[in-house]
Amino acid sequence: MPKMPRVLVVHGPNLNLLGSREPHVYGTTTLDEIDSRLASAAREAGANVDCFQSNHEGALVDRIQESPASFDGILINPGAYTHTSVALRDALAATSLPVVEVHLSNVHAREEFRRHSFVSPIAIAVVCGFGWRGYLLGLEGLLAHLRDRVAAKP
Ligand code: DQA
């Protein structure tokens, strides 16, 4: 693993509303709280996270395109773009970085249209249904993956 692994955390549309948005589905934890819990967990694990949220598909694509220069992996909750955006998936695939997809809710236990993800086929793993804790679980898995990859190098 690189000395200090760096993970880009990407939050898609409407996740800026966490805390007040459909709390029965997404919980009452705000995005700022999630980001600061991720930062603490990363620090404890000897890693670094940078968090980015946008409601705009192009802004998300731009940020993802820039990521290989500064990051070793991507943790992403693409929000509704999960189910609609080929552009986001192509941007993620183009980075060649390991991607972990996270959803607060169990998307498979909800409406039919949420069962399809354009991102899952290019992700190394998907975490869903654990609420805000899913981000921490996703980060832990991604860091373990980065560690294993370095250990496997000759
Ligand atoms: C979500 C699930 C998506 O279907 C939805 O559009 C979201 C949030 C989740 O975290 O559970 O915005 O990604």
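Colleague: Explanation requested: the site of the ligand in the structure shown.
Modeller: By nearness alone, every residue bordering the ligand is listed as Arg-21, Tyr-26, Asn-77, Gly-79, Ala-80, His-83, His-103, Leu-104, Ser-105, Val-107 and Arg-114. Within the contact set of the ligand, an oxygen atom lies 3.0 Å away from a side-chain nitrogen or oxygen of Arg-21. Here an oxygen atom of the ligand and a side-chain polar atom of Arg-114 are 2.8 Å apart.

Colleague: How should the pattern of salt bridges be read in this particular structure?
Modeller: Opposite charge on two side chains permits pairing when their charged atoms draw close. A full pass over the atoms with the stated rule returns six salt bridges. Arg-63 serves as the salt-bridge partner of Glu-66, at 3.4 Å between the closest nitrogen and oxygen. Taken together, the residues Glu-66 and Arg-63, both in helix α3 (residues 57–66) and three residues apart, mark about one turn of the helix. Residue classification places Glu-66 among the partly exposed residues on the basis of a relative accessible area of 49%. Taking the shortest distance from any N to any O, the salt bridge between Arg-110 and Glu-111 comes out at 3.9 Å. A relative accessible area of 36% places Glu-111 in the partly exposed class.

The rules behind each value
- Residues numbered from 1 in each chain as written.
- Predicted model: local features only at pLDDT ≥ 70, side-chain atom pairs only at ≥ 80, totals over all residues.
- Heavy atoms only, no water.
- Near = heavy atom within 4 Å.
- Polar contact = N/O pair within 3.5 Å; in protein donor to acceptor, adjacent residues only side chain to side chain.
- Salt bridge = Lys/Arg side-chain N within 4 Å of Asp/Glu carboxyl O.
- Helix = DSSP H or I, 4+ residues; strand = E, 2+ residues; numbered from the N terminus.
- Buried < 20%, exposed > 50% of the residue type's maximum accessible area, 1.4 Å probe, protein only.

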